[in-house]
Amino acid sequence: MRLEASIDVSGLLLQYGLPFRGHDESESSINQGFFLGLLRWHGDKHPDVGKVILENAPQNDTLTCPMIQKDIANACAKETLKAIIGDLNGDYFGISVDESKDISHEEQMALVLLFVSKNGEVVERFIGLVHVSDTSACSLKKAIYSLLSVHSLSPSKIRGQGYDGASNMKGEINGLKTLIMKDSPSAYYIHCFAHQLQLTLVAIAKKHLDVEDFFDHVSNVLNVVGGSFKRRDLLRDHQAKKLEQLFESGEVKKGQGLHQERGLQRLGDTRWGSHFKTLDSFIVIFSSIVHVLEVIELEGSTSSDRNQAEYLLTKIKTFKFIFVLHLMLKVLAMSNELSMILQKKDQDIVNAVEFLNITKKRLQDMRENGWESLLDDVSSFCDVHDILIPKLDESYFPGKSKRKSSGVSYEHHLCVEVFFVVIDVQLQELNDRFDVVSSDLLLGMGSLNTVNSFSNFDKGKIMTLAKCYPSEFDDGKIRDLSYQLDTFIIHMRSGNPKFSNLQGIRDLAKALVEENLAETYSLVYLLVKLTLILPVATATVERAFLSMKHIKNEVRNSIGNQYLNDCLVCYIERDVFINVSNDVIIDHFQNMKTRRGQL
């Protein structure tokens with residue numbers, strides 16, 4: 001009963017990532033921590049448990065000592081991982097890996113598995129965090145193989161690798177992906193789509209002088225306006241007053257969740273979506289930003305502050321700045337939608353490529369038909385904020401010079417040299433960085449797409465895809481696959497309602513299992529699984545590091561690596577953890593050979 005009570009309380013704390021111990025756990029302390037506090041609360045609700053707990057002082061109570069708490073956490077994590085590995089059932093899987101420093105500046109590597117469960121559902125599961133002494137490819141490979149070995153998983157079953165673009169990860173000679181492919185040639189590498197998307201933006205800023213200058217001005221504004229608490233308060237107060245005026249005039253309506261306070265997020269080359277959020281807020285609170293800069297211009301404590309504010313005002317209150325602001329917001333809005341899609345857990349490589357193509361089509365449509373609407377938006381914004389609108393048919397003078405004309409009109413400069421070029425660079429970067437999309441691997445996977453009654457079905461491309469996996473498809477199975485595909489496509493297009501409204505290959509895998517057709521079309525199902533376990537983005541790994549910062553924080557900075565890993569497994573995979581019964585955890589706990597306390 002006492003052990004079960006301790007496990008109940010431990011499970012609750014692990015599920016929510018809460019600390020066990022308090023600052024002072026003595027009898028007279030009023031801050032004994034969550035574990036003892038909840039255990040006593042539990043005892044009050046269950047007198048038999050409470051009597052035993054209250055009869056023992058915390059420092060003498062074996063089941064409440066820190067070592068046993070760690071053992072319980074370890075038992076919970078081990079049983080959670082056991083359930084995950086059982087769902088994998090020895091099948092093929094993909095891996096996503098990344099490394100990051102924790103609050104104690106220790107380098108930690110997170111490993112996530114991507115696989116198709118027994119029910120035909122695609123799942124991503126965090127299976128461990130490992131401290132690595134260095135981040136060389138060899139060290140990371142050793143750590144990955146060691147962690148897989150703990151769970152009796154063979155590296156030969158890896159069929160997909162997903163990392164960021166660091167050289168130690170994607171290097172062609174000694175990178176991690178190359179080292180793993182030497183052991184498992186079909187463990188194809190996908191550079192995180194979300195990371196590549198962010199790099200396209202960085203490329204635009206570096207390749208276009210006007211865009212580079214624009215982001216420099218935005219960054220400087222953020223530094224000045226957010227440079228002190230006083231300035232941030234001034235920004236918030238002006239927003240509140242502006243909003244109240246809009247309420248009174250009836251231009252906006254009140255409502256729960258509407259008109260929330262806007263801040264200015266700093267730009268970051270590696271923070272997905274930060275540029276879009278910043279520019280979106282910049283437009284919404286532009287008048288408040290101008291107000292703060294005007295106050296600094298007049299009341300700044302130093303001449304340097306006043307001069308800087310004056311300079312920034314002259315830059316942001318120009319038609320060209322507002323034009324680039326609206327242009328980049330529209331371009332980034334399309335990229336941001338794609339970025340959000342790529343970070344979803346239920347995303348597969350075929351859908352990701354489909355959405356990538358949609359984004360490119362939207363950019364092309366904007367290039368062909370979006371000039372007039374963009375110009376209207378910019379002009380309207382300038383009218384509202386009293387910004388001078390130049391005559392577009394007059395000559396354009398670059399820089400500060402008013403004598404040396406560029407030889408083109410203002411409209412030509414904005415349209416041809418900015419609007420067209422920015423979109424063309426974005427499209428070119430998307431094509432160059434996502435070159436994997438045109439590979440035989442992806443073309444074959446796209447042919448398995450179920451949308452519009454398998455309209456993309458191409459037997460030749462699917463057969464080529466199968467040949468990319470020689471270990472799974474020898475000559476005999478290639479021949480068998482050819483026969484299966486002929487029957488398969490007729491069956492899928494026969495009008496069976498189960499297969500007529502599928503939204504993608506993810507739905508196809510699940511439907512084949514539910515209809516008991518996974519064995520009938522075993523080779524097709526195998527190809528579908530291999531497609532689904534190619535990682536799209538490292539978003540799940542990134543979320544694991546956010547969880548790590550939640551658990552190992554400034555207050556809990558001395559938490560050990562094993563304990564940290566156990567807490568993370570239960571916290572991140574709590575949907576699995578909550579289904580692990582207490583009886584199983586108790587059995588594991590009681591049979592632990594290395595348990596640090598005796599019952």
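Each value, and the rule that gives it
Residues numbered from 1 in each chain as written. Predicted model: local features only at pLDDT ≥ 70, side-chain atom pairs only at ≥ 80, totals over all residues. Heavy atoms only, no water. Phe/Tyr/Trp six-rings, centres within 6.5 Å; stacked < 30°, edge-to-face > 60°. Helix = DSSP H or I, 4+ residues; strand = E, 2+ residues; numbered from the N terminus. Buried < 20%, exposed > 50% of the residue type's maximum accessible area, 1.4 Å probe, protein only. Axes fitted to C-alpha atoms, helices over the stretch in contact; angles between N-to-C directions. Parallel < 35°, antiparallel > 145°, perpendicular 65-115°, else oblique. Left-handed = near helix turned anticlockwise from the far one by under 90°. Contact = heavy atoms within 4.5 Å. Nonpolar A, V, L, I, M, F, W, Y, C, P; charged D, E, K, R; others polar. Core = buried A, V, L, I, M, F, W, Y, C linked by side-chain atoms within 4.5 Å.

Naming follows an unreviewed UniProt entry, where the chain appears as DUF4371 domain-containing protein of Solanum pinnatisectum.

What follows deals with the packing of aromatic side chains. Each aromatic ring pair is summarised here by two numbers: the centre-to-centre distance and the angle between the ring planes. Taken as a whole and assessed by the stated rule, the structure comprises 17 aromatic pairs. Between the aromatic rings of Phe-286 and Phe-381, the centroid separation amounts to 5.2 Å while the plane-to-plane angle is 70 degrees, which identifies the pairing as edge-to-face. Taken together, the residues Phe-286 in helix α12 (residues 286–299) and Phe-381 in helix α16 (residues 371–384) connect sequence positions 95 residues apart. Summarising the burial analysis for this pair, Phe-286 and Phe-381 share the class buried.

Attention shifts here to the packing of helix α25 (residues 539–551) against helix α26 (residues 561–572). At a closest axis distance of 10 Å, the pairing of α25 and α26 adopts a crossing angle of 120 degrees. Relative to α26, the element α25 is oriented oblique. Every pair of crossing elements has a handedness; the one defined by α25 and α26 is right-handed. Along its contact with α25, which presents Ala-544, Ser-547, Met-548, His-550 and Ile-551, the element α26 presents Leu-564, Cys-567, Leu-568, Tyr-571 and Ile-572. Classifying every residue of the contact of α25 with α26 gives eight nonpolar, two polar and no charged.

Turning next to the nonpolar core. Judged by nonpolar contacts, the single largest core of 117 residues is most densely connected at Phe-323, Met-328 and Phe-473. Ranked by residue count, the leading element in this core is helix α14 (residues 319–342), at 14 residues. Not counting residues up to four positions away in its chain, the partners in contact with Met-328 are Leu-201, Ile-204, Val-211, Phe-214, Phe-215, Leu-279 and Val-422. Judged by nonpolar contacts, the second largest core, of 71 residues, contains Ile-95, Leu-179, Met-548 and Met-592.

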